Amino acid sequence: MRTQVAIVGAGPAGLMLSHLLHRSGIDSVVVERRSREYVEQRVRAGVLEQGTVDLLREVGVSDRLDREGLVHRGIELLFDGVAHRVPMSDLTGGRAITIYGQQHVVRDLTVARLATGGRVHFDADDVTVSGVDTATPRVTFTVDGRREELVCDIVAGCDGFHGVCRDVLPRSVRQLLEREYPFGWLGILAAVPPSADELIYAHHDRGFALASLRSPTISRLYLQVDPREDLADWSDRRIWDELGIRLAHGGWSLGDGPILEKSITPMRSFVCEPMRYGRLFLAGDAAHIVPPTGAKGLNLAVHDVYVLAEAVADWYRTGSETSLDGYSATCLRRVWRVQHFSWWMTSMLHRFPGHDAFEQRLQRSQLEYVVGSPAAATTLAENYVGLPWT
Ligand code: FAD
Ligand code: DHB
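Basis of the calculations
- Residues numbered from 1 in each chain as written.
- Chains lettered and ligands numbered in written order.
- Predicted model: local features only at pLDDT ≥ 70, side-chain atom pairs only at ≥ 80, totals over all residues.
- Heavy atoms only, no water.
- Phe/Tyr/Trp six-rings, centres within 6.5 Å; stacked < 30°, edge-to-face > 60°.
- Helix = DSSP H or I, 4+ residues; strand = E, 2+ residues; numbered from the N terminus.
- Lys NZ or Arg CZ within 6 Å of the ring centre and 35° of its normal.
- Near = heavy atom within 4 Å.
- Polar contact = N/O pair within 3.5 Å; in protein donor to acceptor, adjacent residues only side chain to side chain.
- Areas by Shrake-Rupley, 256 points an atom, 1.4 Å probe, with all protein chains shown as cover.
- Nonpolar A, V, L, I, M, F, W, Y, C, P; charged D, E, K, R; others polar.
- Core = buried A, V, L, I, M, F, W, Y, C linked by side-chain atoms within 4.5 Å.
- Buried < 20%, exposed > 50% of the residue type's maximum accessible area, 1.4 Å probe, protein only.
- Contact = heavy atoms within 4.5 Å.
- Pairing = 2+ DSSP bridges.

(A) Looking closely at the packing of aromatic side chains. Under the definition given, this model contains eleven aromatic pairs. Ring geometry for Phe281 versus Tyr327: centroids 5.6 Å apart, planes at 75°, classification edge-to-face. Within this pair, whereas Phe281 is found in strand S19 (residues 280-282), its partner Tyr327 is found in helix H9 (residues 322-349), the two being separated by 46 residues in sequence. In textbook terms, an aromatic cluster arises when at least three aromatic residues are bridged by ring pairs, as seen for Trp185, Tyr201, Phe208, Tyr222 and Tyr384. When the ring centre of Tyr38 is taken as reference, the NZ or CZ atom of Arg34 above it lies at 4.2 Å. Above the plane of the ring of Trp234 lies Arg238, whose end atom (NZ or CZ) is 3.6 Å from the centre.

Set out below in structure tokens:
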């Protein structure tokens with residue numbers, strides 16, 4: 001098989017890249033390890049930045065997003081039992097976030113690719129990438145017991161944090177920068193109408209909690225837990241009780257109901273520099289991970305492939321490698337801004353085991369400053385809705 005761009009991974013990064021390239025008349029093939037059903041049902045992110053929504057609209061993949069996405073113009077920060085609204089749109093000239101499940105973004109992009117003849121190979125085993133330091137790199141994989149070889153000009157490593165592409169960068173070339181946090185998030189999806197109109201980020205002595213939603217009938221909630229915790233120890237009753245305690249404020253109460261899905265995710269910050277080696281370009285979680293507190297991972301993945309698609313199109317159009325050469329540095333500038341924001345939100349809102357009273361007072365002071373100062377609130381708001389794209 002021959003294509004111009006071989007894309008490893010059919011997550012938001014890989015599918016969006018394939019779609020953007022198609023719009024520029026560039027052929028690509030997507031190779032995905034999992035089944036289509038699996039990737040379209042994997043429950044993960046839900047917060048889309050203004051820039052992500054604008055791009056989905058611009059490239060014609062927003063019919064369902066426009067119908068079902070929930071536009072949010074503020075968030076609540078809850079501490080000491082009092083909720084404080086951060087009016088994001090007022091502080092950012094009208095920008096907003098949209099709640100729309102990542103699996104719906106993946107489904108919409110898959111439908112768009114297949115409708116225009118896009119080639120997406122699901123259930124591909126043993127994917128290997130070779131020859132990225134030559135003009136004809138190769139991606140090989142097994143489907144239906146057959147070994148296939150894809151010869152291409154460029155490989156896009158969009159295969160997430162546990163993918164194979166990052167390891168193709170020689171150790172002598174790449175630098176991995178990393179922080180682990182001493183906690184994770186237990187996330188649930190529940191068949192119960194959301195109890196609040198806006199997202200509530202709660203700082204509590206027992207740990208962080210977050211109330212989010214997916215639709216008028218589906219809630220999405222998270223609890224800070226020890227990352228080594230066994231999910232089996234968290235009965236539905238225990239989860240609802242703990243959420244009720246951490247999210248309690250005023251006369252507000254949390255409605256409960258059947259839990260449809262639950263999982264525990266560890267939290268880390270991670271960056272691989274550079275994001276390119278020869279003809280291999282990393283994008284999304286393959287190159288960087290942020291803790292979810294800032295709701296940024298999916299948005300950063302989409303930004304990477306937007307930059308990459310432009311650079312690849314420029315190369316085919318002009319023959320100049322200038323844009324491709326600038327890819328890593330351009331992306332890393334935004335990656336580090338988002339790393340800082342996500343680390344800052346995480347540090348401000350979680351309970352750190354081992355923190356003494358001094359650190360707890362600093363945390364409290366930071367929260368009071370953010371809700372009390374329009375300048376500090378604007379810093380949160382403009383990063384949360386997403387700084388302008390390059
Ligand atoms: P992925 O979505 O991980 O896609 C990679 C794809 O590659 C997968 O389909 C995988 O199966 C495939 N793959 C892996 N290995 C191989 C291989 N060897 N060969 C072929 N295919 C392979 N982000 C936000 O912006 N907002 C949020 O609110 C948010 N909340 C989150 C909540 C949770 C609980 C979690 C876990 C994450 C959250 N994120 C959030 C992060 C977001 O989900 C990720 O950043 C996003 O999925 C990155 O997209 P991606 O396409 O780079 O990677
Ligand atoms: C959701 C996830 C996040 O990481 C976040 O900060 C806010 C909301 C969500 O899944 O709805």
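Still more to cover.
(B) Examining the site of ligand 1 more closely. Lining the immediate surroundings of ligand 1 are 34 residues, of which Glu32, Arg42, Gln102, Asp285 and Leu298 lie closest. A distance of 2.7 Å is found between an oxygen atom of ligand 1 and a backbone nitrogen or oxygen belonging to Leu298. Separating an oxygen atom of ligand 1 from a side-chain N or O atom of Asn299 is a distance of 3.1 Å. Coverage of ligand 1 by the protein amounts to 92% of the 1000 Å² it exposes when considered alone. Contributions of two or more residues to the shell around ligand 1 are made by helix H1 (12-23), strand S16 (218-225) and helix H8 (297-318). Top contributing element to the shell around ligand 1 by residue count: H8, with four residues. Here the shell around ligand 1 is built from residues that sort into 15 nonpolar, ten polar and nine charged.

(C) Region of the structure containing the nonpolar core. Counting 75 residues, the largest nonpolar core has Met16, Leu17 and Val139 as the members making the most contacts within it. If you tally residues by element for this core, the top one is H8, at twelve residues. Here Leu17 is in contact with Ile7, Ala156, Cys158, Val305, Leu308 and Ala309, once residues within four sequence places are set aside. In this structure, Leu199, Tyr201, Leu367 and Val385 belong to the second largest nonpolar core, which totals 33 residues.

(D) Representation of the site of ligand 2 in the model. Around ligand 2, the surrounding shell holds 14 residues, and the nearest of these are Tyr201, Ser212, Arg214, Tyr222 and Pro292. The backbone of Pro292 places a nitrogen or oxygen atom 2.6 Å from an oxygen atom of ligand 2. For ligand 2, whose free accessible area comes to 290 Å², the fraction covered by protein is 96%. Mapped onto the shell around ligand 2, the elements with two or more residues apiece are strand S14 (199-202), strand S15 (209-215) and S16. If one sorts the elements of the shell around ligand 2 by residue count, S15 sits on top with three residues.

(E) Highlighting the environment of Thr322. Relative to the helices and strands, Thr322 is located in helix H9. In sequence terms Thr322 and Ala311 are eleven residues apart; their C-alpha atoms lie 8.2 Å from each other.

(F) Structural detail: the environment of Arg23. Residue placement: Arg23 occurs in helix H1. Each C-alpha atom of the pair Arg23 and Cys165 lies 25 Å from the other, and the pair is 142 residues apart in sequence. Apart from the residues lying within four places of it in its own chain, the contact partners of Arg23 are Glu58 and Val59.

(G) How the structure looks around the pairing of strand S17 (residues 259-273). Here 13 bridges tie strand S13 (residues 175-190) to S17, and the two strands are oriented antiparallel to one another. What sits directly across from Ile188, in S17, is Lys262. As paired elements, S17 and strand S20 (residues 288-289) share two bridges and run antiparallel to each other. Paired with Phe270 across the strands is Ile289, a residue of S20.

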